[in-house]
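Commentary on secondary and tertiary structure
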Amino acid sequence: MGSVRWAFRCGSWTPTRSDWLFAARCIQQEEKDRIGQFVFAKDAKSAMAGRLLLRKCVYERMGIPWSEIRLERSPRGKPYLAAPLKVSPDSGPEPPAWSFNVSHQGDYAVLAAEQGVQVGVDIMKTTMPGSSSVPEFFRIMTRQFTAYEWSVIQSGGLEHQQLAAFYRHWALKESFIKAIGTGLGFNLQRVEFHLSSEPLTQKYALRQTKMHLDEEEEYDWLFERLHPALPPPTSFTLLSFSDLIASASPLTEEDPACWDSFKMKAEAPQRQRETHTAK
Ligand SMILES: CC(C)(COP(=O)(O)OP(=O)(O)OC[C@H]1O[C@@H](n2cnc3c(N)ncnc32)[C@H](O)[C@@H]1OP(=O)(O)O)[C@@H](O)C(=O)NCCC(=O)NCCS
């Protein structure tokens with residue numbers, strides 16, 4: 001069965017005019033319009049990268065011509081392939097369907113795709129909470145984790161270790177709700193994660209995480225913990241912008257206004273820019 005793990009460093013991507021205009025031509029009009037509405041360049045770039053990752057995956061792994069790919073969103077926002085419905089033109093048996101999902105945060109946009117099973121992906125950067133202390137942040141988040149998960153998260157001595165454990169648990173919960181597509185309407189107390197204490201290494205991706213759903217251990221789900229900065233096969237294959245658009249072909253006419261609007265955007269909110277420069 002096919003499997004894809006791709007990453008693109010959208011945070012450090014500084015598109016030229018022709019890069020941005022070409023990318024904008026290669027995604028669906030409504031997505032181009034949506035991306036144009038972001039206030040900050042970092043959000044526009046990560047959303048653009050997400051769309052290109054999805055289309056590249058559908059084109060290269062499912063063999064669907066770029067111009068025929070029609071992505072739509074479920075009522076809760078999960079992108080899926082709406083057309084063409086039949087992948088192989090002959091009457092032979094259909095290969096198992098692909099499932100795909102993207103996530104973007106911090107410096108990275110990532111895609112995970114799997115053939116024959118549902119997939120969800122979530123990338124998390126360990127950041128200090130913006131306006132509150134760590135204990136206050138944890139207090140606000142109390143209801144998102146079970147008592148057992150909190151005991152594990154708070155067993156780390158230093159605050160940054162606790163935060164790292166917090167984000168590991170959070171990413172697992174999000175990846176699950178993104179696989180099932182329900183979005184954040186799902187009661188996160190229903191799922192409880194049991195992580196192994198092994199650190200991420202270059203040798204292999206961690207696959208020992210177990211999930212309990214409504215207090216029963218689930219055996220049908222596999223959770224992979226990957227670090228985007230580690231090389232494959234442990235982690236994602238890092239793509240350049242050239243890789244991202246290697247198979248792309250334009251769907252719409254060039255729209256110079258789309259670059260004019262992009263270059264007017266500030267990279268990120270002031271507070272985030274200050275945090276990044278202070279590192
Ligand atoms: C899906 C969701 C969990 C993503 O959270 P996040 O960690 O902030 O974002 P990520 O970067 O990991 O993922 C964003 C990507 O996930 C995908 N996505 C959006 N909604 C999704 C869903 N319900 N399920 C799976 N994937 C989803 C999209 O590709 C999105 O990127 P894009 O908008 O640029 O295309 C969150 O946005 C959410 O809960 N959305 C649904 C809201 C909802 O339930 N609304 C109810 C309406 S009744």
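What counts as what
- Residues numbered from 1 in each chain as written.
- Predicted model: local features only at pLDDT ≥ 70, side-chain atom pairs only at ≥ 80, totals over all residues.
- Pairing = 2+ DSSP bridges.
- Helix = DSSP H or I, 4+ residues; strand = E, 2+ residues; numbered from the N terminus.
- Axes fitted to C-alpha atoms, helices over the stretch in contact; angles between N-to-C directions.
- Contact = placed C-beta atoms within 7 Å.
- Domains from an automatic or database assignment.
- Nonpolar A, V, L, I, M, F, W, Y, C, P; charged D, E, K, R; others polar.
- Near = placed C-beta within 6 Å.
- Buried ≥ 20, exposed ≤ 12 C-beta atoms within 10 Å, placed from the backbone.

1. Some details on the sheet that holds strand β4 (residues 98-105)
As summarised here, the arrangement of the four strands in space is β4-β5-β1-β9, forming an open sheet in which the pairing is mixed. If you trace the sheet from one side to the other, it starts and ends with β4 and β9 (237-239), each paired once. Direction aside, neighbouring strands of the sheet carry axes that sit 25° apart on average. As paired strands, β4 and strand β5 (residues 108-115) are joined by eight bridges and run antiparallel to one another. Bridging from a neighbouring strand, W98 pairs with Q115 of β5. Helix-sheet contacts for helix α3 (residues 41-62) involve β1 (3-8), β4 and β5, and the interaxial angle to β4 is about 160°.

2. With respect to the domain arrangement of the protein
When the domains of the protein are assigned, the result is domain 1 (1-123 + 231-279) and domain 2 (124-227). Computed from C-alpha atoms alone, the centre-to-centre distance between domain 1 and domain 2 is 25 Å. Residue-level contacts link 19 residues of domain 1 with 18 residues of domain 2. Its residues assigned to classes, the side of domain 1 that touches domain 2 shows five nonpolar, nine polar and five charged.

3. Focus: the site of the ligand
Around the ligand, a shell composed of 19 residues is seen, among which G77, K78, S103, G183 and L184 lie nearest. When residues of the shell around the ligand are traced back to their parent elements, those giving at least two are α3, β4 and α6 (159-180). Tallying contributions element by element places β4 first for the shell around the ligand, with five residues. Looking at the shell around the ligand residue by residue, the classes come out as five nonpolar, nine polar and five charged. Two domains each donate at least three residues to the shell around the ligand, and these are domain 1 (1-123 + 231-279) and domain 2 (124-227).

4. Digging into unusual backbone geometry
Omega for the peptide link from A83 to P84 comes to -5°, which places this bond in the cis form. On the secondary structure map, P84 appears in the loop between β3 (79-83) and β4. For D214, which is not a glycine, the phi torsion comes out positive at approximately 50°. Among the secondary structure elements, D214 is positioned in the loop between β7 (210-213) and β8 (216-218). Residue E215 is not a glycine yet carries a positive backbone phi of 70°. What makes E215 exposed here is the crowd of 8 C-beta atoms within 10 Å.

5. Regarding the sheet that holds β7
In space, the three strands of this open sheet follow the order β6-β7-β8, with antiparallel pairing throughout. Either end of the sheet is taken by a strand with one partner, and the two such strands are β6 (191-194) and β8. Sheet twist, expressed as the mean angle between neighbouring strand axes with direction ignored, is 35°. Relative to β7, β6 runs antiparallel, the two sharing four bridges.

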